Amino acid sequence: MQIKKNTVASLNYVLKDDEDNVLDQSDSGNFAYLVGTGQIIPGLENAVEGKQAGDQLNVSIMAVDAYGERTLEKIQRVPQTMFPQDVDIKPGMQFEAQASDGNVSIATVDSIDGDVVVVDHNHPLAGKNLHFEVEVVDVREASAEELEHGHVHGPGGHHH
């Protein structure tokens with residue numbers, strides 16, 4: 001069976017940056033996603049479309065087809081009083097931030113300038129080209145329940 005919309009694909013992968021640093025990997029065959037639902041970056045989803053169990057490929061994804069380019073609009077200066085007083089804010093810390101539209105994102109503390117915290121709402125991999133070594137472990141039809149819920153369920157069904 002080939003990877004196509006409404007199938008579940010299980011992959012092993014190694015993700016590297018332009019400097020050949022390993023950023024992430026999954027080698028147990030347990031990385032599974034529902035194809036066509038935007039659960040993985042577009043460039044990778046396009047690259048594995050049509051592949052089947054046993055296929056291996058190396059693919060480079062430009063930043064625009066991965067997590068997008070870094071944008072200055074996603075960098076914000078926030079008064080330190082917006083943070084809990086019992087937390088020692090330091091550059092590199094990450095936290096969840098909720099926008100006025102209700103969307104939640106991960107923000108990273110970039111720097112502290114006096115009583116102002118500079119936070120970056122760009123994805124940590126935004127602006128980076130990504131290089132994947134991929135092995136397709138399994139491809140199967142998604143169940144009706146998975147299609148209805150919009151995500152893969154593990155063995156024994158869903159637990160939510």
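Just so it is clear, the structure is predicted and the values come from calculations on it, not from any experiment.

Quick look at the pairing of strand β7 (residues 116-120)
Here's step 1: Of all the five residues making up β7, five are buried; the element is thus mostly covered by neighbouring parts of the structure.
Here's step 2: Of the two faces of β7, the one holding Val116, Val118 and Asp120 and the one holding Val117 and Val119 are both buried throughout.
Here's step 3: Relative to β7, strand β4 (residues 75-79) is paired through five bridges, and the arrangement is antiparallel. By the bridge assignment, Ile75 is partnered in β7 with Asp120.

Overview of the pattern of salt bridges
Here's step 1: Following the criterion strictly, the structure yields six salt bridges and no others.
Here's step 2: The partner of Asp20 in a salt bridge is Lys16, and the shortest N-O contact between them spans 3.5 Å.
Here's step 3: On the basis of relative accessibility, which here comes to 18%, the residue Lys16 falls in the buried class.

Thresholds applied
- Residues numbered from 1 in each chain as written.
- Predicted model: local features only at pLDDT ≥ 70, side-chain atom pairs only at ≥ 80, totals over all residues.
- Heavy atoms only, no water.
- Buried < 20%, exposed > 50% of the residue type's maximum accessible area, 1.4 Å probe, protein only.
- Helix = DSSP H or I, 4+ residues; strand = E, 2+ residues; numbered from the N terminus.
- Pairing = 2+ DSSP bridges.
- Salt bridge = Lys/Arg side-chain N within 4 Å of Asp/Glu carboxyl O.

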